[in-house]
Amino acid sequence: DYANWSLPIHPRRPHIESHEQTVFVVGHGKIRGTWLADLDVSDGSVFQIQIPTPENWNVEQATLLQEGSPDQSLRWAAAPGGGLTLFLPGPAPEHSQLMLRGWMSYKESHATENAAPAAARLTANTKTAVQPVALPNLRLSGPSSVHVAAQTILLLRASDVSLEVSDPAGLRRLNAKS
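Residues numbered from 1 in each chain as written. Predicted model: local features only at pLDDT ≥ 70, side-chain atom pairs only at ≥ 80, totals over all residues. Heavy atoms only, no water.

**Q** Before we go on, may I ask you to explain the nonpolar core in this structure?
**A** Generally speaking, soluble globular proteins have nonpolar side chains that are buried together. Core analysis: the largest hydrophobic core is formed by 30 residues, its most contacted members being Ile31, Trp35, Ile49, Trp57, Leu98 and Leu100. Ranked by residues supplied to this core, first place goes to strand E2 (residues 30-42) with five residues. Not counting residues within four places of it along the chain, the set of residues in contact with Trp57 comprises Phe24, Ile31, Gly33, Leu84, Leu100, Gly102, Trp103, Met104, Pro136 and Leu138. (Core = buried A, V, L, I, M, F, W, Y, C linked by side-chain atoms within 4.5 Å. Buried < 20%, exposed > 50% of the residue type's maximum accessible area, 1.4 Å probe, protein only. Helix = DSSP H or I, 4+ residues; strand = E, 2+ residues; numbered from the N terminus. Contact = heavy atoms within 4.5 Å.)

Here is the structure:
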């Protein structure tokens, strides 16, 4: 009797491994950032990528980079309360890179710093003000199984801004050699 017979089918859950690099430039009242992630996708297909961002993060550019192919601009959507979803033009290739460029005002960051985990807490000291800053933690977060194998953050500042890192949240300082 085949009436009670069933065959459950489950989609394969893809796995993503990333090696990420972020450059932040802190200026008067504004942080500009460029995030680059080297992605390796296995065990399935990925059509979108999620990145936690503060609610006041402004996207300038989101791009998929593949060796031997032209760069492709990506559509994206901001989630209420912070976060971005990047929509890929098709299934993510096995190896590719994602680049996200944007900025945020840090005069507003104290009100929205709980929207996404901070990579570090800074104090920006300019000639006109001393302000606390929650440095965005741009990183891959889903929707599939994600392993961030490496994450490097380079923090730069305008010449008339001094910075003090007060809560490195697991970051460690690499001293530049002269």
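Moving on, there is more to tell.
**Q** I'm lost on the pairing of strand E8 (residues 95-105) in this one. Help?
**A** Pairing geometry for E2 and E8, over 11 bridges, is antiparallel. Paired with Trp35 across the two strands is Leu100, which belongs to E8. Bridge count for strand E4 (residues 58-65) against E8 is seven bridges, and the pairing is antiparallel. From the neighbouring strand, Asn58 faces E8, where its bridge partner is Trp103. (Pairing = 2+ DSSP bridges.)

**Q** Before we go on, may I ask you to explain the sheet that holds strand E6 (residues 75-78) in this structure?
**A** Hydrogen bonding along the main chain pairs the strands of a sheet, whether they run parallel or antiparallel. Spatial ordering of the open sheet is given by E3-E7-E6, a layout of three strands whose pairing is antiparallel. Sheet topology places strand E3 (48-51) and E6 at the edges, where each strand pairs with a single neighbour. Between one strand axis and the next, the sheet turns through 20 degrees on average, direction left out of account. Taken together, the four bridges between E3 and strand E7 (residues 84-87) define a ladder with antiparallel strand orientation. Each bridged residue has a counterpart across the sheet, and for Gln50 the counterpart in E7 is Thr85. (Axes fitted to C-alpha atoms, helices over the stretch in contact; angles between N-to-C directions.)

**Q** Would you mind showing me how to read a nonpolar patch on the surface here?
**A** A cluster of nonpolar side chains, namely Val23, Val25, Leu154 and Leu156, defines an oily patch on the protein surface of about 280 Å² accessible area. Secondary structure elements with two or more residues in the nonpolar patch: strand E1 (15-27) and strand E11 (145-157). With respect to the element layout, Val23 can be found in strand E1. Residue Val23 is classed as partly exposed on the basis of its relative accessible area, which comes to 31%. (Patch = residues over 30% accessible without salt bridge, like charges linked within 9 Å, V, L, I, M, F, W, Y side chains within 5 Å. Areas by Shrake-Rupley, 256 points an atom, 1.4 Å probe, with all protein chains shown as cover. Salt bridge = Lys/Arg side-chain N within 4 Å of Asp/Glu carboxyl O.)

**Q** What am I meant to see in unusual backbone geometry here?
**A** Excluding glycine, most residues fall at negative phi; most peptide bonds, likewise, are trans. One non-glycine residue with positive phi stands out, namely Asp43, at about 65 degrees. Relative to the assigned elements, Asp43 resides in the loop between E2 and E3. Classification of Asp43 as partly exposed rests on a relative accessible area of 45%.

**Q** Just to check I follow, could you spell out the side chain of Thr85 for this structure?
**A** Summarising the element assignment, Thr85 is placed in strand E7. Given a relative accessible area of 17%, Thr85 falls into the buried group. The residues touching Thr85, leaving out its near neighbours within four places in the chain, are Gln48, Ile49, Gln50, Arg75, Trp76 and Ala77.

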